[in-house]
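Residue-level structural notes
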Amino acid sequence: MKKALVISGGGSKGAFAGGVAQYLITKEFREYDLFLGTSTGSLMVSHLALGMLDELKTIYTNVNQESIFSNNPFIIRRVSGENVVTINHLNTLWNFFNGRKTFGESKNLRKLIFDSVTIEMFESIRKNNKEVMVTVSNLTANQIEYKSSNDCTYKDFCDWIWGSCNFVPFMSLLEKNKQQYADGGFGALVPIRQAILCGATEIDAIILETEVSQINRIPSKNPFSLLFDVFDFMLEHVEKHNITIGKLAANGKNVKLNLYYTPTVLTTNSLVFDQKLMTKWWESGYEYAKSRREELMSEFRPDVLPNDEMQEFRIKNQRL
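Here the structure is a predicted model, which is why all the values come from computation and not from measurement. (Residues numbered from 1 in each chain as written. Predicted model: local features only at pLDDT ≥ 70, side-chain atom pairs only at ≥ 80, totals over all residues. Heavy atoms only, no water.)

Turning to the overall build of the chain, a few remarks are in order. Along the chain, the regular secondary structure elements total 12 helices and 10 strands. The globule rule puts the C-alpha radius of gyration for 320 residues at 20 Å, and the 20 Å found for the chain is close to it. Burial statistics for the chain: of 320 residues in total, 51% are counted as buried. Taking as baseline every contact in the chain between residues at least 6 positions apart, the subset at least 24 positions apart corresponds to 76%. By element, 51% of the accessible surface of the chain is carried by carbon and sulfur atoms, the whole surface being about 15,600 Å². The positive charge centre, built from 36 side chains, and the negative charge centre, built from 36, are 3 Å apart in the chain. (Helix = DSSP H or I, 4+ residues; strand = E, 2+ residues; numbered from the N terminus. Rg over C-alpha atoms; globule rule 2.2 N^0.38 Å. Buried < 20%, exposed > 50% of the residue type's maximum accessible area, 1.4 Å probe, protein only. Contact = heavy atoms within 4.5 Å. Areas by Shrake-Rupley, 256 points an atom, 1.4 Å probe, with all protein chains shown as cover. Lys, Arg positive; Asp, Glu negative; His and termini not counted. Charge placed at Lys NZ, Arg CZ, Asp CG, Glu CD.)

One can describe the packing of helix 1 (residues 14-26) onto helix 2 (residues 40-49) by two numbers: an axis separation of 10 Å at closest approach and a directional angle of 30°. Between helix 1 and helix 2, the interaxial angle falls into the category roughly parallel. For the crossing formed where helix 1 meets helix 2, the hand is right-handed. Here Gly14, Ala17, Gly18, Ala21 and Ile25 of helix 1 come into contact with helix 2, specifically with Thr40, Met44 and Leu48. Residues of the contact of helix 1 with helix 2, tallied by class, amount to five nonpolar, three polar and no charged. (Axes fitted to C-alpha atoms, helices over the stretch in contact; angles between N-to-C directions. Parallel < 35°, antiparallel > 145°, perpendicular 65-115°, else oblique. Left-handed = near helix turned anticlockwise from the far one by under 90°. Nonpolar A, V, L, I, M, F, W, Y, C, P; charged D, E, K, R; others polar.)

Attention shifts here to the side chain of Thr38. Mapped onto the fold, Thr38 is located in strand 2 (residues 34-38). Of the residues examined, Thr38 reaches a relative accessible area of 0% and is grouped as buried. Among all residues touching Thr38, those that are not within four sequence positions of it are Ile7, Ser8, Gly9, Thr135, Ser164, Asp183, Gly184, Gly185, Ala188, Leu189 and Pro191.

This paragraph deals with the pattern of salt bridges. Side-chain pairs of opposite charge can arise whenever the charged atoms involved come near each other. Scanning all chains against the criterion turns up 15 salt bridges. For Glu105, the salt bridge goes to Arg100, with nearest N and O atoms at 3.8 Å. Overall, Glu105 belongs to the buried group, its relative accessible area being 10%. For Lys147, the salt bridge identified is with Glu145, shortest N-O distance 2.7 Å. Assigned by exposure class, Lys147 and Glu145 land together as buried. Residues joined by salt bridges that share partners form a network here, namely Arg110, Lys155, Asp156, Asp159 and Lys176. (Salt bridge = Lys/Arg side-chain N within 4 Å of Asp/Glu carboxyl O.)

Moving on to the packing of aromatic side chains. Considering all chains together, one arrives at 18 aromatic pairs under this definition. Between the aromatic rings of Phe170 and Phe228, the centroid separation amounts to 4.4 Å while the plane-to-plane angle is 5°, which identifies the pairing as stacked. Of this pair, Phe170 sits in the loop between helix 8 (154-165) and strand 7 (174-176) while Phe228 sits in helix 10 (residues 223-253), placing them 58 residues apart in sequence. According to the relative accessible area criterion, Phe170 is buried, its value standing at 0%. For Phe228, a relative accessible area of 13% translates into the label buried. The residue whose ring lies beneath Arg110 is Trp162, and the NZ or CZ to ring-centre distance is 5.9 Å. The side chain of Lys147 reaches across the aromatic face of Trp160, ending 4.3 Å from its centre. (Phe/Tyr/Trp six-rings, centres within 6.5 Å; stacked < 30°, edge-to-face > 60°. Lys NZ or Arg CZ within 6 Å of the ring centre and 35° of its normal.)

The subject of this paragraph is a nonpolar patch on the surface. Where nonpolar side chains cluster on the molecular surface, the patch consists of Leu93, Phe96 and Phe97 and spans about 350 Å² of accessible area. Residue placement: Leu93 occurs in helix 5 (residues 89-97). (Patch = residues over 30% accessible without salt bridge, like charges linked within 9 Å, V, L, I, M, F, W, Y side chains within 5 Å.)

Moving on, we come to the pairing of strand 9 (residues 202-207). Strand 9 sits mainly inside the fold: six of its six residues count as buried. Taking every second residue as pointing to the same face, both faces of strand 9 are buried, with Glu202, Asp204 and Ile206 on one and Ile203, Ala205 and Ile207 on the other. As paired elements, strand 1 (residues 3-7) and strand 9 share five bridges and run parallel to each other. Its bridge partner being in strand 9, Val6 is matched across the sheet by Ala205. In this structure, strand 9 lies alongside strand 10 (residues 256-261), joined through six bridges in parallel fashion. (Pairing = 2+ DSSP bridges.)

Attention shifts here to helix 2. In terms of burial, helix 2 is largely enclosed, as nine of its 10 residues are buried. Every buried residue of helix 2 is listed here: Thr40, Gly41, Ser42, Met44, Val45, Ser46, His47, Leu48 and Ala49. Immediately downstream of helix 2, the backbone of Gly51 shows phi near 70°, a positive value.

When two helices pack together, their arrangement is captured by the angle between the axes and the distance separating the axes. At their nearest, the axes of helix 6 (residues 107-116) and helix 8 sit 10 Å apart, and the two run at 135° to each other. Between helix 6 and helix 8, the angle falls in the class oblique. The two elements helix 6 and helix 8 cross, and the hand of that crossing is right-handed. Contact residues: helix 6 offers Lys107, Leu109, Arg110, Ile113 and Phe114, while helix 8 offers Tyr154, Lys155, Cys158, Asp159, Ile161, Trp162 and Cys165. Its residues assigned to classes, the contact of helix 6 with helix 8 comprises eight nonpolar, no polar and four charged.

These results come straight from atomic positions and should not be treated as a statement about function.
Right under this line is the structure:
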């Protein structure tokens, strides 16, 4: 059996995925052979492959806007206890005047990736026969690409992680090998099907959205808020398509697929990195995973099974 952990994109909401993964690995003792992430998920998978939960939690509960942006295109204000996000026109104009292709720059994130995903970690992943894979969108070739730790150098792999996270046009554009790359979520927000193509027979997929849409957006007030709404609309439908295709592929290949959604809407702007909220989301993810596992376990009722089905139940129970 080959087990895979898949983590979707979701920016700051990745803290919730960290809590879910922590419970699955440390309390359920789930062991995975393949770790596949998109966007914020790609930031997490190297640490998860090595069981470095404490180090990952430290990163996700201490990161802020300065950790990500070298030129922040946003202004964040607290109004009645809520974060209100507007565009920093000065920083955006500075980028345009300097010939940049995006509204903001995320070079600080690249530095954070190289600092937190070390060459020793990269080599240890290979030695332990784990495979870590990240998703990028190749805008030049108009296709989704999956970059594996088995096929990359350390420097290239860190670049691919950075490219997978770059939500253009608000973050940097990765230009590599004479091609342009951006956030993998533009085409494969939840790469379940890729995990199946890589031979996974059991998959835990953490999806950083609610299972059913729970919000109605207020009308856009400027071109930038309209752009955000358009991206959110697009990504929501990409996610639904990915999950539908993933479920069909899982059924066709007899793959066991466990889905973990966020139970509530965490934020409407995942490019805002609030340390207090992300700490709260990590803990919420941990508690949600615990309740979700209990729910999955309750689907099997050994007290009502006939004797000849008891062994089958026990086998499934062990797999869970």
